[in-house]
Amino acid sequence: PQARPQDVSIIGRHPSVAMVLALARQVAPSKATVLISGESGTGKEMFARFIHAHSGRENGPFVAVNCAALPENLLESELFGHEKGSFTGAISRKLGKFELASGGTLLLDEISEMALALQAKLLRALQEGEIDRVGGVETVKVDVRVLATTNRNLEQSVEKGEFRQDLFYRLNVIPLRLPPLAQRGEDVLLLADFFIRRHAKEYGLGVLQFSDEARDWLMAHDWPGNVRELQNLMERAVLLAGAGPIRLVHFLMDGQEWSPDVPEDPDAEPGADSGEQPLPRMSAMAPDSDGRIPTIQEMEMHLIIKSLDKTAGNRTKASELLGISVRTLRNKLGEYRKIGLDIP
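What counts, and at which threshold
- Residues numbered from 1 in each chain as written.
- Predicted model: local features only at pLDDT ≥ 70, side-chain atom pairs only at ≥ 80, totals over all residues.
- Heavy atoms only, no water.
- 1 Å grid on protein atoms, 1.4 Å probe; cavity = no way out; pocket = protein on both sides within 12 Å on 5 of 7 lines; lining within 4 Å.
- Points joined across faces, edges and corners; volume = space filled by probe spheres on them.
- Helix = DSSP H or I, 4+ residues; strand = E, 2+ residues; numbered from the N terminus.
- Nonpolar A, V, L, I, M, F, W, Y, C, P; charged D, E, K, R; others polar.
- Core = buried A, V, L, I, M, F, W, Y, C linked by side-chain atoms within 4.5 Å.
- Buried < 20%, exposed > 50% of the residue type's maximum accessible area, 1.4 Å probe, protein only.
- Contact = heavy atoms within 4.5 Å.
- Pairing = 2+ DSSP bridges.
- Salt bridge = Lys/Arg side-chain N within 4 Å of Asp/Glu carboxyl O.
- Polar contact = N/O pair within 3.5 Å; in protein donor to acceptor, adjacent residues only side chain to side chain.
- Patch = residues over 30% accessible without salt bridge, like charges linked within 9 Å, V, L, I, M, F, W, Y side chains within 5 Å.
- Areas by Shrake-Rupley, 256 points an atom, 1.4 Å probe, with all protein chains shown as cover.
- pLDDT = per-residue confidence, 0-100.
- Axes fitted to C-alpha atoms, helices over the stretch in contact; angles between N-to-C directions.
- Parallel < 35°, antiparallel > 145°, perpendicular 65-115°, else oblique.
- Left-handed = near helix turned anticlockwise from the far one by under 90°.

Of the voids in this model, the largest pocket is the one considered here, and its volume is about 1,200 Å³. Contributions of two or more residues to the lining of the largest pocket are made by α2 (44-53), α8 (187-202), α10 (226-241) and α12 (315-322). Ranked by the residues each element gives to the lining of the largest pocket, the list is headed by α8, at six residues. When grouped by side-chain class, the residues that make up the lining of the largest pocket number ten nonpolar, twelve polar and 14 charged.

Set out below in structure tokens:
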């Protein structure tokens, strides 16, 4: 299903975001090319989807291509398609993303990584509205609205000769510069609450609240990974906090070891000094029916399996969510197989 306006919402009230959002909404109905720039993780693709959803083309396709993910020859075929027999392995005609996005929107993600030779072919497609498939002899007309994103300073890339100046001007008709999360003030808390509600719903949990210390840390953190870092951190916190409240320990920052929440002095009688019942401290896994607290190893296994379920078995995404390397995750899974767990 294609994105509809009501399906794509940008969370944020900070003036820097409101200004970019107003410009995006204003230019969305045009066919002007938009260059969305900003640090990695600031939500560039989300803004691209917002533009598409408000463009009048929302019933057409939204097609995204990562220009950094493929070598030059494969990216050319991916964008413009190829004819049967145009190169080894081309066993049939393949339509490129320009044709597949016809009538809709094509997002060129990380446009700064595109090779210079391919930039020339892209420029022609933008100016003429037509493409040539690899190995083809016929020109193909396409009706595509092109958006591009970059986390680099393209003006500097032009000065260094790494990016064509004429293509830069053609892409930069409408520039949208997204602010880093650290400059968005209390938007951090708005986004954190949004992600917590979403992930709690996904995991079948009730309403979760932040402790004061957790909120203070969220506001003080410099967020080098921007909104993407915040989203991953909030999902991790939901998994660790269980029934909540979410405390600082549930963020599990680098170098911090996780241990289940248990009373600091398990031998002390509840309320021995104050006469009051201490507040319960929740763990990510409930105690067994006999009251046994799960071990750290069991907690770790629980989180790893949950993360794999969440990411449909994608080890790279699961390792990012857990804040560990893919190699560490593989080693852990190997250990679980040895004890008889059925892990693919």
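In a soluble, globular protein the nonpolar side chains are often hidden away together inside. The biggest cluster of nonpolar side chains holds 36 residues, and the ones touching the most others in it are Phe210, Leu218, Trp223, Leu230, Met234, Ile246 and Phe251. Secondary-structure elements contributing two or more residues to this core are α8, α9 (212-220), α10, α11 (296-310), α12 and α13 (326-338). For this core, the element with the highest residue contribution is α10, accounting for nine residues. Sequence-distant contacts of Ile246, that is, excluding residues within four places in its chain, are made with Ile196, Leu208, Gln209, Phe210, Ser211, Ala214, Ala237, Ala241 and Phe251.

A separate point is the pairing of strand β1 (residues 34-37). Of the two faces of β1, both are covered, the one formed by Val34 and Ile36 as well as the one formed by Leu35 and Ser37. For β1 and strand β6 (residues 145-150), the ladder comprises four bridges, and the chain directions are parallel. Paired with Ile36 across the two strands is Thr149, which belongs to β6. Taken together, the four bridges between β1 and strand β7 (residues 174-177) define a ladder with parallel strand orientation.

Moving on: the pattern of salt bridges. Scanning all chains against the criterion turns up 15 salt bridges. One salt bridge in this structure joins Glu78 and Lys97, with 3.3 Å as the shortest N-O distance. One end of the pair, Glu78, is in helix α3 (residues 72-80); the other, Lys97, is in helix α4 (residues 97-100), with 19 residues separating them in the sequence. In terms of burial, Glu78 and Lys97 fall into one category: buried. Overlapping salt bridges, with partners in common, bring together Arg124, Glu130, Asp132 and Lys141 in one network.

What follows concerns the side chain of Arg184. If you trace the backbone, Arg184 turns up in the loop between β7 and α8. When its relative accessible area of 5% is taken as the criterion, Arg184 is described as buried.

The next thing to look at is the side chain of Thr311. Among the structural elements, Thr311 can be located in the loop between α11 and α12. One polar contact links the side chain of Thr311 to the main-chain carbonyl oxygen of Ser307, over a distance of 2.9 Å.

Once that is clear, we can look at the environment of His82. Residue position: His82 is located in the loop between α3 and α4. Take His82: its relative accessible area is 9%, and that puts it in the buried class.

So, about a nonpolar patch on the surface. Taken together, the side chains of Ile305, Ile339 and Leu341 present a nonpolar region at the surface, about 240 Å² in accessible area. With respect to the helices, strands and loops of the structure, Leu341 is situated in the segment after α13.

Of all residues in the chain, 82% have pLDDT values of 70 or greater, and the mean over the chain is 82. Considering each helix and strand of the chain separately, the mean pLDDT is smallest for α11, with a value of 77, and largest for β1, with 97. Taken as a whole, residues 261-291 scores under 50 in pLDDT and shows 38 contacts with residues more than four places along the chain or in a different chain.

This paragraph deals with the packing of α3 against helix α5 (residues 116-128). Remark: α3 packs on α5, axes separated minimally by 10 Å, with the N-to-C direction vectors making an angle of 15°. By the angle between their axes, α3 is roughly parallel relative to α5. α5 is crossed by α3, and the crossing has left-handed handedness. Contact residues: Glu72, Leu75, Glu76, Leu79 and Phe80 in α3; Ala117, Leu118, Lys121, Leu122 and Ala125 in α5.

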